[in-house]
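Single-letter residue listing:
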Amino acid sequence: MLELSIRRRQGDFQVAVDLAAGPGVTALFGRSGSGKSSLIAMVAGLARPDQGRIVVAGRVLFDAQARIDLPPEARRLGVVFQDPRLFPHLSVRANLEFGRKRVPAAERTIAVDAVVEVLGIAHLLDRRPALLSGGEKQRVAIGRALLACPRILLMDEPLAALDAPRKAELLPFIATLARRFAIPILYVSHAMDEVLRLADTLVLMDDGRAVAVGPVEDLLARPHLRPLTGRYDAGAVLDCTVSGHDDSHGVSRLAFAGGTLIAGRIALPVGTAVRVRIHARDVALAVDPPGRISVRNVLPGVIRSLETGEGHVVDVMVECGGALLWAQITALAQAQLGLKPGMRVHALVKAVTIARSDVAGREG
Amino acid sequence: MLTDLETEALRLSLLVSGWAVAGSLPLGLACAWLLARRDFPGKMLFDGLIHLPLVLPPVVVGYGLLVTLGRRGPVGALLYDWFGVTLVFTWKGAAVASAVIAFPLLVRAIRLSLEGVDRGLEQAARTLGCGPVRTFVTVTLPLMAPGILGGTILAFARSLSEFGATITFVSNIPGETRTLPIALYSLTQVPGGDAAAARLCAISVALAFAAMLASELLARRLQARLKG
């Protein structure tokens, strides 16, 4: 859907990105100043690359050599900025229709009613933006971008300016967009929570470059990318499939490459692909097979690496079958148990979090 | 209620000021846009030139207009030869003099309002399919409206009170260039004109007050629209 290869120098900073993004949600993740927002601005036509080429849905938007540089209004991309940028002199309804009015009738593939319903903004239509809350404004901004029926939706940290409750309120809306309206989304964020919840593909950005591109679970399992994905944020992210329910005990079974996990009963049919997150701090290690123990998820594995962090904490990477888990233990425990790479251990998983409940296009 | 002389002066004042403001508004918008949004060589000089009438004695401006726009002036001669237009000693000339004097106030107010418009909103409009011109008309201009209104009223009021440049450039001709302030001045120059002068004074005050009130009410309505 999106192919780009661009170079741009901004003072001492160089953005140089080669990237191809497919359907679904592609997340650009990196710390602030890694070039994520510049990239979005260049795709949107609000900043000009020095060199390169940008193609969206088979249409060349920018090509330095061929001297093609479509202005933003000709690109047909939806942009949701960090601030909602609603037009204060227009009602919510007029804001929603602002881009739509300029789209030929035959190309208005996204219906107003559907967007209003999904975003839950029906009761706001006749108000002025000044009277909306931050979360409501951002919902309207998303609706406005969608209703212009863009070929791709660019979202530049759309939740960064909101407080935690508003974020939690908005995430489900964004999660449904890509599939409900069959529109690819390029999502910029520096919050791993959002990425895990939304993204199919992850692009790790660092110092103006795309360091790694791939499925979220794959990239987060690569130890050498940990400095970029974040030490505590990463934990382990596993592709699982709901393999069964036990209603008498209120639990569900989740199959993954390394075995089966037991989680609290989830309301999803058997066979659903889910993205499961296991925080390193929720995993304990046992050298001998634990006997009678309340923890239900005990996974045999092999220690692959140990990383000493701050505050006498050690992050241990354990390979269980084909999957990688992280356990966070104390330096004291490591010393007294004599944990070393290659040792056989048992990972005791105390909590399993469902990060995303319907991983589209991927098979568990 | 009003004497013929008063009606005449009032009509002329409104005509001259109305045309002065209406005629300079598009140019004022263009200048404000250049100053707020563009960088070009000589911008300081351009800015200074626009603001010059604010600090010069109006008589100097009037004399300058007389020299350049008079029948034999470099610009005035061309205007007459090409379009048959004579400015000097006509109400059109009075409108030009008022416009020049009030121009800095108009540009200043519009420029401030333009600088207050969030460029992010314009970017958003561009990504939603509006070209630069349409973006300006549908987003920038409505957001500037309070400033444009304020500048227009200010310029209108300044035009109503214009005296020095007008009398120097187009003189004091009853029915043609004798606006309210000039009529008032004339009355103070003849014996026994005090009572009539006082009436003109009252009319001037009422007019200025009405303009201010109207602008305030309109500005409030516009602000209310932006705030919801």
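Just so we're clear, the structure is a prediction, and the values are computed from it rather than from any experiment.

Caption draft 1: Geometry of the sheet that holds strand β13 (residues 251-256) of chain A. Residues and elements named next belong to chain A. Reading across from one edge, β14-β13-β12-β15-β21 is the order of the five strands in this open sheet, with antiparallel pairing throughout. Two strands bound the open sheet, and with one partner strand each, they are β14 (259-264) and β21 (353-356). Ignoring which end each strand starts from, the neighbouring axes of this sheet average 50° apart.

Caption draft 2: Layout of the domain arrangement of chain A. Residues and elements named next belong to chain A. Under the domain assignment, chain A is made up of domain 1 (2-229) and domain 2 (236-356). Taking only C-alpha atoms, the centre of domain 1 and the centre of domain 2 are 34 Å apart. Interface area, domain 1 with domain 2, both sides summed: about 1,200 Å², of which 44% is carbon and sulfur. Broken down residue by residue, the surface that domain 1 buries against domain 2 is led by Leu196, Glu217 and Arg226, which jointly contribute 52%. Inspection of the domain 1/domain 2 interface yields two salt bridges. Taking the shortest distance from any N to any O, the salt bridge between Glu217 and Arg275 comes out at 2.8 Å. Taken together, the connections running from domain 1 to domain 2 amount to four residue pairs in polar contact (both at pLDDT 80 or more).

Caption draft 3: The packing of helix α3 (residues 58-69) of chain B against helix α4 (residues 74-83) of chain B, seen in detail. All names here are of chain B. One way to put it is that α3 packs onto α4 with a least axis distance of 4 Å and a crossing angle of 50°. As the angle between them shows, α3 and α4 are arranged oblique. The residues of α4 that touch α3, namely those facing Val67, Thr68 and Leu69, are Pro74, Val75, Gly76 and Leu79. Partitioned by chemical class, the residues of the contact of α3 with α4 number five nonpolar, two polar and no charged.

Caption draft 4: Layout of helix α7 (residues 132-160) of chain B. Taking 1.5 Å of rise per residue, 29 residues should cover 42 Å, yet α7 of chain B covers just 36 Å from first to last C-alpha, more than 12% shy of that figure. Approximately 55° is the largest bend angle found in α7 of chain B, and it occurs at Ala145 of chain B, with the proline Pro146 of chain B only one to four residues beyond.

Caption draft 5: Spotlight on the side chain of Asp282 of chain A. For Asp282 of chain A, the location among the structural elements is in the loop between β15 (273-278) and β16 (283-286). No salt bridge forms around the buried Asp282 of chain A; measuring N to O, its nearest opposite-charge neighbour Arg281 of chain A is 4.5 Å away.

Caption draft 6: Representation of α3 of chain B in the model. All names here are of chain B. End to end, α3 covers 16 Å across twelve residues, agreeing with the expected 16 Å (1.5 Å per residue, within 8%). Three or more residues of α3 are buried, namely Val61, Gly62, Leu65 and Leu69. The arc that holds every buried residue of α3, seen down its axis, measures 100°, which confines them to one face. In this fold, the buried residues of α3 make contact with α2 (43-55), α4, α5 (91-115) and α8 (164-170).

Caption draft 7: Seen up close, the interface of chain B and chain A. If you look at the interface, chain B gives 21 residues, while chain A gives 21 residues. Each partner contributes to the roughly 1,900 Å² buried at the junction of chain B and chain A, and carbon and sulfur atoms together form 64% of this total. In this assembly, chain B and chain A are joined by one salt bridge. Across the salt bridge formed by Arg126 of chain B and Glu73 of chain A, the nearest N and O atoms sit 2.7 Å from each other.

Caption draft 8: Fine view of the packing of aromatic side chains. Applying the stated criterion across every chain yields a total of four aromatic pairs over all chains. For the ring pair Phe87 of chain A and Phe98 of chain A, a centre distance of 4.4 Å and an interplane angle of 45° mean the geometry is tilted. Residue Phe87 of chain A is found in the loop between β7 (78-80) and α2 (92-100), and its partner Phe98 of chain A is found in helix α2; the two are separated by eleven residues along the sequence. The pair formed by Phe87 of chain A and Phe98 of chain A is uniform in burial state, with each residue classed as buried. Ring geometry for Trp82 of chain B versus Phe83 of chain B: centroids 6.5 Å apart, planes at 80°, classification edge-to-face. Judged by relative accessible area, which is 62%, Trp82 of chain B ranks as exposed. Since its relative accessible area comes to 59%, Phe83 of chain B is described here as exposed.

Caption draft 9: The arrangement of the environment of Ser215 of chain B in detail. All names here are of chain B. Position of Ser215 relative to the elements: it lies in helix α10 (residues 194-227). Taking the relative accessible area as the measure of exposure, Ser215 reaches 14% and is therefore buried. Sequence separation of Ser215 and Gly42 is 173 residues, and the distance between their C-alpha atoms is 35 Å. If near-sequence neighbours (up to four positions away) are discounted, Ser215 is found in contact with Leu149 and Ile153.

Caption draft 10: Geometry of unusual backbone geometry. All names here are of chain A. A positive phi angle, close to 60°, is found at Arg76, a residue other than glycine. Relative to the helices and strands, Arg76 resides in the loop between β6 (68-69) and β7. Phi is positive for Asp207, which is not a glycine, with a value near 50°. Examined against the element boundaries, Asp207 turns out to sit in the loop between β10 (201-206) and β11 (209-215).

Caption draft 11: Representation of the packing of helix α6 (residues 119-127) of chain B against α7 of chain B. Residues and elements named next belong to chain B. For the pair α6 and α7, interaxial distance at closest approach is 10 Å and the crossing angle is 140°. When the interaxial angle is binned, α6 and α7 end up oblique. Two packed elements cross with a definite hand, and for α6 against α7 that hand is right-handed. Each of Leu121, Glu122, Ala125 and Arg126 in α6 lies in contact with α7, whose residues at this interface are Pro132, Thr135, Val139, Thr140 and Leu143. Within the contact of α6 with α7, the residues separate by chemical class into five nonpolar, two polar and two charged.

Quick notes on the rules
- Residues numbered from 1 in each chain as written.
- Chains lettered and ligands numbered in written order.
- Predicted model: local features only at pLDDT ≥ 70, side-chain atom pairs only at ≥ 80, totals over all residues.
- Heavy atoms only, no water.
- Pairing = 2+ DSSP bridges.
- Helix = DSSP H or I, 4+ residues; strand = E, 2+ residues; numbered from the N terminus.
- Axes fitted to C-alpha atoms, helices over the stretch in contact; angles between N-to-C directions.
- Domains from an automatic or database assignment.
- Buried area = accessible area lost by both parts, 1.4 Å probe.
- Salt bridge = Lys/Arg side-chain N within 4 Å of Asp/Glu carboxyl O.
- Polar contact = N/O pair within 3.5 Å; in protein donor to acceptor, adjacent residues only side chain to side chain.
- Parallel < 35°, antiparallel > 145°, perpendicular 65-115°, else oblique.
- Contact = heavy atoms within 4.5 Å.
- Nonpolar A, V, L, I, M, F, W, Y, C, P; charged D, E, K, R; others polar.
- Expected span 1.5 Å × (residues − 1).
- Bend = angle between axes of the 7 residues up to and from the residue.
- Buried < 20%, exposed > 50% of the residue type's maximum accessible area, 1.4 Å probe, protein only.
- Lys, Arg positive; Asp, Glu negative; His and termini not counted.
- Arc of directions from axis to C-beta.
- Phe/Tyr/Trp six-rings, centres within 6.5 Å; stacked < 30°, edge-to-face > 60°.
- Left-handed = near helix turned anticlockwise from the far one by under 90°.

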